[in-house]
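Architecture at a glance
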Amino acid sequence: MHKIVSITLFSFLILFLILVGFFSSKKTEGEVLRTVDLQGCNLLSMSEYLIFANINTERDLRKYSLSSLRERFLQHPYVGNASVLIDVDKKVYITIEEKSFEAVALLHKQVCLISSQNEIIPILPNTEVLDFPVLTNLSENSVEKEIERNRDVQRAFTIIRSARKMSDNLSQSISEINLHNGGDITLSLLHGTSVIFLGKKNLTEKIYTLDALIKQIGNRISLANTNYIDLRYAGNIFIGTDENAGI
């Protein structure tokens with residue numbers, strides 16, 4: 001009998017502690033989250049991210065726990081990861097890590113970001129200036145395929161990633177990759193008027209050649225004076241220049 005009473009009392013005690021913990025946590029969640037500091041905002045401003053989370057006032061913030069606040073930011077299409085911390089002054093610090101994006105493209109009649117993980121994400125209003133190469137003239141059949149099976153996009157990724165390995169100067173100079181509806185690919189560079197013909201094969205080697213070429217002729221021939229650079233033919237480079245370039 002004594003043993004039964006002890007077990008019963010112990011069960012009630014456990015239940016009481018669980019209830020106390022539950023209500024205490026609910027109360028704490030409401031009291032602790034008072035102000036928020038958001039870091040890592042590049043594609044959108046801090047205010048745009050807070051609007052997405054429906055946080056306009058301190059009262060809005062109180063409806064979240066730390067875990068639910070993190071989960072809310074992870075639901076944003078631009079966000080790949082988020083960390084949430086709180087200090088002794090009851091201020092919440094949120095650091096978001098935006099997804100890694102490779103390019104901008106018109107897909108399904110919508111301007112989209114394409115991530116390094118092959119995600120297609122429509123560009124949201126008020127997105128900051130995008131410093132990504134623009135993919136143009138994707139073939140109709142290519143647009144209908146999934147990104148990982150999309151030959152046009154994968155060729156563009158090869159160009160972008162190869163340029164990144166070569167030099168920051170070349171990587172940051174690529175403004176447009178014209179896929180010509182599945183035909184020969186051409187590049188346009190910032191601060192240059194020349195068209196760069198790449199074709200569709202051996203793209204990594206051609207980007208390496210382009211980088212070396214720019215480094216060699218860059219000090220002697222301004223790219224602004226060239227009409228085209230043709231790298232489509234193995235073992236040959238053709239450069240068309242204005243007559244006043246002296247070539």
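These remarks concern the structure in this document. (Residues numbered from 1 in each chain as written. Predicted model: local features only at pLDDT ≥ 70, side-chain atom pairs only at ≥ 80, totals over all residues. Heavy atoms only, no water.)

Details of the overall build of the protein
To be explicit about the condition: The secondary structure listing takes helices from DSSP runs of H or I that are at least 4 residues long and strands from runs of E that are at least 2 residues long, numbered from the N terminus. Partly exposed residues are those whose accessible area sits between 20% and 50% of the maximum for their type, while under 20% is buried and over 50% is exposed, using a 1.4 Å probe and protein chains only. Reported accessibility uses the Shrake-Rupley method at a 1.4 Å probe radius. Residues are deemed covered only where the shown protein chains occlude them.
Within the protein, the regular secondary structure consists of 8 helices and 12 strands. The burial tally for the protein puts 34% of its 247 residues in the buried class. For the protein, the exposed surface amounts to about 14,900 Å²; the carbon and sulfur share of it is 53%.

Focus on the pattern of salt bridges
We count it as follows: Criterion for a salt bridge: a side-chain nitrogen of Lys or Arg within 4 Å of a carboxyl oxygen of Asp or Glu.
In this structure the tally under the stated criterion is 8 salt bridges. A salt bridge links Glu-102 to Arg-161; the shortest N-O distance between them is 3.1 Å. Residue Glu-102 is located in strand β4 (residues 101–107), and its partner Arg-161 is located in helix α6 (residues 151–166); the two are separated by 59 residues in the primary sequence.

Thoughts on the packing of aromatic side chains
The line we're drawing: Two rings belonging to Phe, Tyr or Trp (six-membered ring only in the last case) form a pair when the distance between their centres is within 6.5 Å. Interplanar angles under 30 degrees mark stacking, angles over 60 mark edge-to-face geometry, and anything in between is tilted.
As enumerated under the stated definition, the model contains 4 aromatic pairs in all. Between the aromatic rings of Phe-197 and Tyr-228, the centroid separation amounts to 6.3 Å while the plane-to-plane angle is 75°, which identifies the pairing as edge-to-face. With Phe-197 in strand β10 (residues 195–199) and Tyr-228 in strand β11 (residues 226–230), this pair connects stretches of sequence that are 31 residues apart. Both rings, one in Tyr-233 and one in Phe-238, keep their centres 6.0 Å apart while their planes meet at 85°; by these two values the pair is edge-to-face. Overall, Tyr-233 belongs to the partly exposed group, its relative accessible area being 43%. Take Phe-238: its relative accessible area is 40%, and that puts it in the partly exposed class.

What to know about the side chain of Ser-162
This is how it is decided: Should any heavy atoms of two residues lie within 4.5 Å, those residues are counted as being in contact.
Mapped onto the elements, Ser-162 comes out in helix α6. Residue Ser-162 is classed as buried on the basis of its relative accessible area of 6%. Residues within four places of Ser-162 in sequence aside, it is in contact with Thr-204 and Ile-207.

Here's the deal with the sheet that holds strand β3 (residues 91–98)
To be explicit about the condition: DSSP calls a pair of strands paired once it identifies at least 2 bridges connecting them. To define axes, lines are fitted to C-alpha atoms, for helices over the stretch in contact only, and angles between the resulting N-to-C directions are given on a 0 to 180 degree scale.
The mixed open sheet is built from 3 strands, whose spatial order is β1-β3-β2. Edge positions in the sheet fall to β1 (35–39) and β2 (79–86), since each has one partner strand and no second. Neighbour-to-neighbour, the strand axes of this sheet turn through a mean angle of 20°, independent of strand direction.

Observations regarding the pairing of strand β8 (residues 174–178)
Bridging between strand β7 (residues 134–136) and β8 involves 3 bridges; their strand directions are parallel. The partner of Val-134 across the bridge, within β8, is Glu-176. Hairpin connection of β8 to strand β9 (residues 185–189): 6 residues between the antiparallel strands, including His-180 at a positive phi of 50°.

Let's talk about the side chain of Ser-173
Residue placement: Ser-173 occurs in helix α7 (residues 168–173). By relative accessible area, Ser-173 is classed as buried at 17%. The contact partners of Ser-173, leaving out residues within four places of it in the chain, are Ser-188, Leu-189 and Leu-190.

Details of the pairing of β2
When β2 meets β3, the two strands line up antiparallel, connected through 7 bridges. When the sheet's bridge partners are listed, Ala-82 is paired in β3 with Ile-96.

Concerning the nonpolar core
Worth spelling out the cut-off: Definition of nonpolar core: a set of buried residues of the types Ala, Val, Leu, Ile, Met, Phe, Trp, Tyr and Cys, connected through side-chain atoms within 4.5 Å.
One finds Leu-135, Ile-159, Ile-177, Leu-187, Ile-196 and Leu-198 to be the most contacted residues of the largest nonpolar core, which totals 29 residues. Elements with a minimum of two residues in this core: β4, β5 (110–115), α6, β8, β9, β10 and α8 (203–217). Among the elements that take part in this core, α6 stands out by supplying 6 residues, more than any other. The residues touching Ile-196, leaving out its near neighbours within four places in the chain, are Ile-185, Thr-186, Leu-187, Leu-189, Leu-210, Ile-229 and Leu-231. Membership of the second largest hydrophobic core comes to 24 residues, among which are Leu-61, Leu-69, Phe-73 and Tyr-78.

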